[in-house]
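Given next are the chains, with one letter for each unit.
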Amino acid sequence: MDRRQFLQTSLAGLGTLYIPSWAMAAPNRRVADEHFFLQILVQGGMDPLYLFDSRSLALTAAGKQAHYHNVEPYLWQGTNGQSTLASDLVRPLEAYKDRFSILNGVMMATTFDGHDQNMNFYLAGNAFGGECFLPHLNGGEQSKPLDGLISGFILAELQNLGKTVPLGVDSAANLIPRLKQLPSLDLKDPVLAQLKGRMEANGQGLGRFAKGSSDMAEAFSQMPELASALAKVDTSAANKEGLTDEEKFLHLAAGIFRSGVAKTAILVLSTDQAVDTHDEGGAKASPALAQAVVGKLDKIFKAMGDIEFGPGQSLWDVTTLMFGSEFGRTMRQSGKPIDNTGTDHNPLNNSFLIGGKGVKSNLVIGASDFKTADEELSGAHLSKDKESMKTVGRPFDFQTQSSREDKPAEFKADDYLNVASVVNTIYHLYGVSSEHYRSLSRNGSSAPILTALLK
């Protein structure tokens, strides 16, 4: 290979793996108790009605809840004595009851309805952005060359995802085999030294350009270590014929995890239909959307059980998985007929699935209100939902780990299950320092963890 070819390959690697900061780690270092994290995101705001927080058709008959599936939901019973109404669309996931638990009635950013604001709140704990919780799961002593990999794009303002790289299966199939063939990068090479010097020079001073140049220089200096780590990843399983994109990504993630390159992954599910169903047509297509998402989850869950990670272990055994969206949907829209209405954003009630390593399965935790047409809504509910178009999470008792039936007159954040408690529970599973724990309200105490989920 001549210098020109070497330079082209080096720059291609840098463009694919732009990483502003590093925590050094030996590529092959394995820990005794490996624990990985997979975040599955559906962006746009999934409607829990067609998943695990459904409603009786009697609400539709009463003009309260638009329901375009027109099939009565059934009772999904948790082993903790709590239950939820589930759409019959989720029946394929019954085969994995021993793999996950359901969280309902989870509140998001209660004063903001925007997509970005609620995704920020979910991932960073602040509606205006900040540090994503995933890189914190890596831990100081067990840091990896990468914080994680991601399939897709996240609509959020996150300050610390520079080491979580968009490395898809096709990119990996091209990049990693080349890294195996190439000699180790020598940053003392005159051409590479010249490039690094220019980045460092441009990185002096203030402003975004200088900051970007400085970050690139730091990434450039660490490129040899990353290249060495990635070269050890086996991508053969990810390139098998007949696999879905999601299954391919799981195989790639398993290879990344197994080789010690990273311990977290974000899978952003792509959908052929719009998730953000404001218009009537989109809302009427929601059952088909939910069916497609369940179908993807079915394949993901099966693949996680089929992918061998080590002797007697599957990917499920070493990974905690979480599935969710940035918020739920309203029951209907104001002034629209119940059989021809769209839905709007509802951050006052959301649902998540969580399972895998360290998590008790087959539980139902939390619930939402507005289950019947004549239900008396609380003052707290009405203070947040004056037109009575939203379902709202019920008050939550963190001592008994169950929803409450009382109806508070005023809304107080400490009374409710918030996504902050969900993230703090994940932090607890990974031994993250309590200094990172989120609070239920500004300047409040740390949100309680969901102890019922802990094995």
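Rules and cut-offs
- Residues numbered from 1 in each chain as written.
- Predicted model: local features only at pLDDT ≥ 70, side-chain atom pairs only at ≥ 80, totals over all residues.
- Heavy atoms only, no water.
- Buried < 20%, exposed > 50% of the residue type's maximum accessible area, 1.4 Å probe, protein only.
- Helix = DSSP H or I, 4+ residues; strand = E, 2+ residues; numbered from the N terminus.
- Pairing = 2+ DSSP bridges.
- Expected span 1.5 Å × (residues − 1).
- Polar contact = N/O pair within 3.5 Å; in protein donor to acceptor, adjacent residues only side chain to side chain.
- Phe/Tyr/Trp six-rings, centres within 6.5 Å; stacked < 30°, edge-to-face > 60°.
- Lys NZ or Arg CZ within 6 Å of the ring centre and 35° of its normal.
- Axes fitted to C-alpha atoms, helices over the stretch in contact; angles between N-to-C directions.
- Parallel < 35°, antiparallel > 145°, perpendicular 65-115°, else oblique.
- Left-handed = near helix turned anticlockwise from the far one by under 90°.
- Contact = heavy atoms within 4.5 Å.
- Nonpolar A, V, L, I, M, F, W, Y, C, P; charged D, E, K, R; others polar.
- Core = buried A, V, L, I, M, F, W, Y, C linked by side-chain atoms within 4.5 Å.
- Salt bridge = Lys/Arg side-chain N within 4 Å of Asp/Glu carboxyl O.

Visitor: Help me understand the pairing of strand S3 (residues 83-86) in this model?
Guide: The side chains of a regular strand alternate between both faces of the sheet. Only one face of S3 is buried: it carries Thr84 and Ala86, and the other face, with Ser83 and Leu85, is open. Pairing of strand S2 (residues 74-77) with S3, which is carried by four bridges, proceeds in the antiparallel orientation. Across the sheet, the residue bridging to Trp76 is Thr84, located in S3.

Visitor: Quick question: what am I supposed to make of helix H5 (residues 190-202) here?
Guide: Within an α-helix, residues lying three or four positions from one another point in the same direction, as the helix has 3.6 residues per turn. Spanning 13 residues, H5 covers 18 Å between terminal C-alpha atoms, matching the ideal 18 Å at 1.5 Å per step. The backbone nitrogen of Val191 has a side-chain oxygen 2.9 Å away, supplied by the residue at the start of H5, namely Asp189.

Visitor: Help me understand the packing of aromatic side chains, please; the structure alone is not making it clear to me.
Guide: The geometry of an aromatic ring pair comes down to the distance between the two centres and the angle between the two planes. Applying the stated rule across the entire model yields 16 aromatic pairs. Ring geometry for Tyr122 against Phe133: centres 6.5 Å apart, planes inclined by 40°, an arrangement best described as tilted. Of this pair, Tyr122 sits in helix H3 (residues 115-124) while Phe133 sits in the loop between H3 and strand S5 (148-151), and the two are eleven residues apart along the sequence. The rings of Phe52, Trp76, Tyr96, Phe100, Phe301 and Trp316 are connected pair by pair, giving a single aromatic cluster. The aromatic ring of Trp76 is capped on one face by Lys97, whose charged end is 4.6 Å from the ring centroid. Residue placement shows Lys384 over the ring face of Phe411; its charged tip is 4.8 Å from the ring centre.

Visitor: Sorry, what's going on with the packing of helix H7 (residues 245-258) against helix H9 (residues 286-306) here?
Guide: Closest axis-to-axis distance for the H7/H9 pair is 9 Å, and the angle between their directions is 30°. Taken together, the axes of H7 and H9 are roughly parallel relative to one another. As for the relative orientation of H7 and H9, their crossing is right-handed in sense. Across the interface between the two elements, Glu246, Glu247 and Leu250 of H7 pack against Lys296, Lys299, Ile300, Ala303 and Met304 of H9. Among the residues making up the contact of H7 with H9, the classes are represented as four nonpolar, no polar and four charged.

Visitor: Sorry, what's going on with the nonpolar core here?
Guide: One broad rule of soluble globular proteins: the nonpolar side chains tend to lie buried together. Ranked by internal contacts, the top residues of the largest apolar core, which has 68 residues, are Phe52, Trp76, Phe100, Leu230, Ile256, Ile300 and Phe301. Per-element accounting of this core gives the leading share, nine residues, to H9.

Visitor: Explain the pattern of salt bridges to me, please; I cannot follow it from the model alone.
Guide: It is possible for side chains of opposite charge to pair when their charged atoms get near one another. Applying the stated rule across the entire model yields 15 salt bridges. Across the salt bridge formed by Arg55 and Asp53, the nearest N and O atoms sit 3.1 Å from each other. Residue Arg55 is classed as buried on the basis of its relative accessible area, which comes to 2%. Classification of Asp53 by relative accessible area gives buried; the value is 3%. Note that Arg394 is salt-bridged to Glu405, the shortest N-O span being 4.0 Å. In this pair, Arg394 sits in the loop between helix H11 (379-384) and strand S15 (396-397) while Glu405 sits in the loop between strand S16 (402-403) and helix H12 (419-429), placing the two residues eleven residues apart along the sequence. What emerges from the salt-bridge pattern is a single network uniting Asp53, Arg55 and Lys371.

Visitor: Quick question: what am I supposed to make of unusual backbone geometry here?
Guide: If a residue is not glycine, its phi is most likely negative; likewise, a peptide bond is most likely trans. Look at Asn362: it is not a glycine, yet its phi comes out positive at around 60°. The exposure class of Asn362 is buried, given its relative accessible area of 16%.

Visitor: Whenever I open this one, the environment of Lys302 confuses me. Can you help?
Guide: You can see Lys302 is positioned in helix H9. On the accessibility criterion, Lys302 (47% relative accessible area) is partly exposed. In sequence terms Lys302 and Ala95 are 207 residues apart; their C-alpha atoms lie 9.3 Å from each other.

Visitor: Where do I start with the environment of Asn239 in this structure?
Guide: Along the chain, Asn239 falls in the loop between helix H6 (208-230) and H7. Under the relative-accessibility criterion, Asn239 is labelled partly exposed at 36%. Each C-alpha atom of the pair Asn239 and Ser446 lies 44 Å from the other, and the pair is 207 residues apart in sequence. Setting aside its immediate chain neighbours within four residues, Asn239 contacts Val169 and Ala173. Polar contacts involving the side chain of Asn239 include one to the main-chain carbonyl oxygen of Thr235, which spans 2.7 Å.

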